[in-house]
Structure formats: C-alpha cells, structure tokens
Amino acid sequence: MTHPAIQLPTLIAHRGYSAAAPENTLAAVRAAHQSGAKWVELDVQLLGDGTPVIWHDADVARCSNGRGELATMTWANAQCLDTGSWFGDGFSGEKMASLEAMLALLNELEMGVNMEIKVNKGRDPIALVDRALPEMLSTLPPERLIISSFNASALSHCRQFASKEQLALGVLFGSVPNTWRAQCEAVEAFSVHPHWPRLKRTQAEAMHRDGYHILCYTANDPSAFHSRWEWGISSVITDEPAAFKRFLDSH
C-alpha cells in the first residue's frame, strides 16, 4: 500500500454544505452530513494567539458581524463574533469553529475531510502546520484525511510529519503549471486539486495515468461539468452536493 486506503466519494461538500449553511461552520458540516455527503472540504488557519480555527479569509468581514484580521485576533475575540446571521436568520449565533471542535464533529459523524492549509498573505505556513497538523493526525484516521494547500512550503513541512503511507497530501492549483508533476513528486502527493474550468483534458489524463487522484474545485453546475468525468476525475468539490447528486442519479 502506497497511500492511506482512502475511499474517495464522488462529491465533497465545499466548506461544508456552503449553499445551505454558513461556510466552514459546524452547521455547514452537519448540513453536508444530512444531505448524504461523506466528505467535506474545509480551511484551517491560525488566530493571532495561535489558536487553529476553521476559516477561509484573512479577515472576518465577509462571514461575520465583525471586522478585523485573523492575525490580530484572540480566541476570546473570535468567540464574540456571530458567524451565522450574515447567511440567514436561522443561523444567528453560530460561532467560529475551532479545529478541535470541528475534528470532534467529523469523528462523531464519521466523515472524511480534505483540509486546506490556508496560508493567507503574510502568514507563516510552518507555524500553521506545526500547530494544526499534529492535532489532525492524532484525531482522525489516515483514511479520512487529505491535507491540501497551494503553498509548497506548507506541503513540504507536512510531509516531514508523516510518510505517504500515513498521510495523503493534495497539491492545489489554479491554472495547472507545466511543473505540476515535479511539485506532486516533491511531496509524494496522493492527489491533485485543480480549478476545474482551467484544467485541460491532456493534463487530467496525464495525472490519472501517473496514479494521482484528481479532485476538482469548485464545480456547482453538474451539467457543465458532466463531460469532465471521463477525463479520470475522482471527485468534485462543490457548494451544491445535493443538486450534484440529483443530477448524477438521473444520468
């Protein structure tokens, strides 16, 4: 066995079921589970006091009732924020999720996670990996965890914590560069995560031939994506897992 025995689902709920609940929250992961999703994609980064939290942006303006950069925030500050009411009244009072709380929920629901090491501008990838990865490795079984990042330093540092037999790493790309293969080989990657509209068929077929799983993000129109499945795609990361499932079930 060269990698953890991961049973990849066809559909992975992006930031939880983010079309149905506020992204990257415990509520979004519960909604994904209720919709039948077996895996979610989430983002982890550090607050200024070193607390690992599930959050995408560098600041809190878009997805909360507050303002401020994560880099200057403490856990106590963060827990004063309402991270749900921006999405809908039914989510009023939802709090920013700590990594610890999210991992506990994923275990409770027996869900897998593609966790992106989210290195926003000016933040330290090594500090983030040092703080967040050991907690993930000790809490989740290897067959329910993929760690991905755009940041090569973060992925390289992740690999120092665990062999490819114990930790699946995914390399994220916007446009896939000519150096994609070398980048994957450098970290003994399990998977490649390209932005789906920019992925070329020749690239996908080469990745598939080389034995990499391909997880495309973020596809929300199942009919527009449909022809891509024959390229050897393993999974789609989507805001709309239920709509995607309905489409695939009917085709």
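Right above here is the structure, for reference.
As a starting point, this report considers the structure included with it. On a predicted model such as this, the values are computed, not experimentally measured, just so you know.

1. A few points about the environment of His195
- Counting through the fold element by element, His195 comes out in the loop between strand 7 (191–194) and helix 7 (201–209).
- Separated by 146 residues in sequence, His195 and Asp49 have C-alpha atoms that sit 32 Å apart.
- Those residues within four positions of His195 in sequence are excluded, and the remaining contacts are Phe173, Gly174, Tyr217 and Thr218.
- Side-chain polar atoms of His195 contact the side chain of Arg198, separated by 3.0 Å.

2. Details of the pattern of salt bridges
- Enumeration according to the criterion identifies eleven salt bridges in this entry.
- Where Arg15 meets Asp43, a salt bridge forms, and the shortest distance between an N and an O atom there is 3.8 Å. Residue Arg15 is found in the loop between strand 1 (11–14) and helix 1 (26–34), and its partner Asp43 is found in strand 2 (residues 39–46); the two are separated by 28 residues along the sequence.
- Salt bridges linked by common partners bring Arg15, Glu23, Asp43, Asp57 and Arg62 together as one network.

3. A short note on the packing of aromatic side chains
- Applying the stated rule across the entire model yields seven aromatic pairs.
- Residues Phe225 and Trp229 carry aromatic rings whose centres are separated by 5.1 Å and whose planes lie at 80° to one another, so their mutual orientation is edge-to-face. In terms of burial, Phe225 and Trp229 fall into one category: buried.
- The interplanar angle of 70° and the centroid separation of 6.3 Å between the aromatic rings of Phe225 and Phe244 together place this pair among those described as edge-to-face. Remark: Phe244 occurs in helix 9 (residues 241–250) and Phe225 occurs in helix 8 (residues 222–225); sequence separation between them is 19 residues.
- For Phe225, a relative accessible area of 0% corresponds to the buried category.
- What makes Phe244 buried here is its relative accessible area of 1%.
- Ring pairs connect the aromatic residues Trp196, Phe225, Trp229 and Phe244, which therefore count as one cluster.

4. Focus on the packing of helix 4 (residues 125–139) against helix 5 (residues 152–161)
- The N-to-C vectors of helix 4 and helix 5 enclose an angle of 40°; their axes lie 9 Å apart at closest approach. Considering their axes alone, helix 4 and helix 5 lie oblique with respect to each other. Crossing of helix 4 over helix 5 shows right-handed handedness. When helix 4 is examined against helix 5, the residues Pro125, Ile126, Val129, Asp130, Leu133, Pro134 and Leu137 are found in contact with a partner set consisting of Ser153, Ala154, His157, Cys158 and Phe161.
- In terms of residue class, the contact of helix 4 with helix 5 is built from nine nonpolar, two polar and one charged.

5. Focus: the state of the cysteines
- For the structure on display, the rule yields zero disulfides.
- Distance from the sulfur of Cys80, which forms no disulfide, to the nearest cysteine sulfur (Cys63) is 18 Å.
- When its relative accessible area of 63% is taken as the criterion, Cys80 is described as exposed.

6. Considerations on the pairing of strand 4 (residues 112–117)
- Within strand 4, six of the six residues are buried, which leaves it mostly tucked inside the rest of the structure.
- Because side chains alternate across strand 4, one face comprises the buried residues Gly112, Asn114 and Glu116, and the other comprises Val113, Met115 and Ile117, equally buried.
- Bridge analysis of strand 4 against strand 5 (residues 145–149) gives four bridges, and the strand direction is parallel. When the bridges of strand 5 are listed, Val113 appears paired with Leu145.
- The handedness of the strand 4 to strand 5 crossover, carried by helix 4, is right-handed.

7. Comments concerning helix 4
- Taking 1.5 Å of rise per residue, the 15 residues of helix 4 would be expected to cover 21 Å, and the 21 Å separating its terminal C-alpha atoms lies within 8% of that figure.
- Bending of helix 4 peaks at approximately 30° at the position of Ala132, with proline Pro134 no more than four residues after it.
- Along helix 4, the residues that are buried comprise Pro125, Leu128, Val129, Ala132, Leu133, Glu135 and Met136.
- Elements in contact with the buried residues of helix 4: strand 2, strand 3 (52–54), helix 3 (99–109), strand 4, strand 5 and helix 5.
- Its side-chain oxygen at 2.9 Å from the backbone nitrogen of Ile126, Asp124 defines the N-terminal cap of helix 4.

8. Considerations on unusual backbone geometry
- With a phi close to 65°, Asn24 is a non-glycine residue in the positive phi region.
- Residue Asn24 is classed as buried on the basis of its relative accessible area, which comes to 2%.
- Even without glycine at this site, Glu110 takes up a positive phi of about 55°.
- Tracing the backbone through its elements, the reader meets Glu110 in the loop between helix 3 and strand 4.
- Residue class for Glu110 comes out exposed when judged on its relative accessible area of 62%.

Thresholds, definitions, all that
Residues numbered from 1 in each chain as written. Predicted model: local features only at pLDDT ≥ 70, side-chain atom pairs only at ≥ 80, totals over all residues. Heavy atoms only, no water. Helix = DSSP H or I, 4+ residues; strand = E, 2+ residues; numbered from the N terminus. Contact = heavy atoms within 4.5 Å. Polar contact = N/O pair within 3.5 Å; in protein donor to acceptor, adjacent residues only side chain to side chain. Salt bridge = Lys/Arg side-chain N within 4 Å of Asp/Glu carboxyl O. Phe/Tyr/Trp six-rings, centres within 6.5 Å; stacked < 30°, edge-to-face > 60°. Buried < 20%, exposed > 50% of the residue type's maximum accessible area, 1.4 Å probe, protein only. Axes fitted to C-alpha atoms, helices over the stretch in contact; angles between N-to-C directions. Parallel < 35°, antiparallel > 145°, perpendicular 65-115°, else oblique. Left-handed = near helix turned anticlockwise from the far one by under 90°. Nonpolar A, V, L, I, M, F, W, Y, C, P; charged D, E, K, R; others polar. Disulfide = S-S within 2.5 Å. Pairing = 2+ DSSP bridges. Right-handed = clockwise from strand over helix to strand, strands pointing away. Expected span 1.5 Å × (residues − 1). Bend = angle between axes of the 7 residues up to and from the residue.

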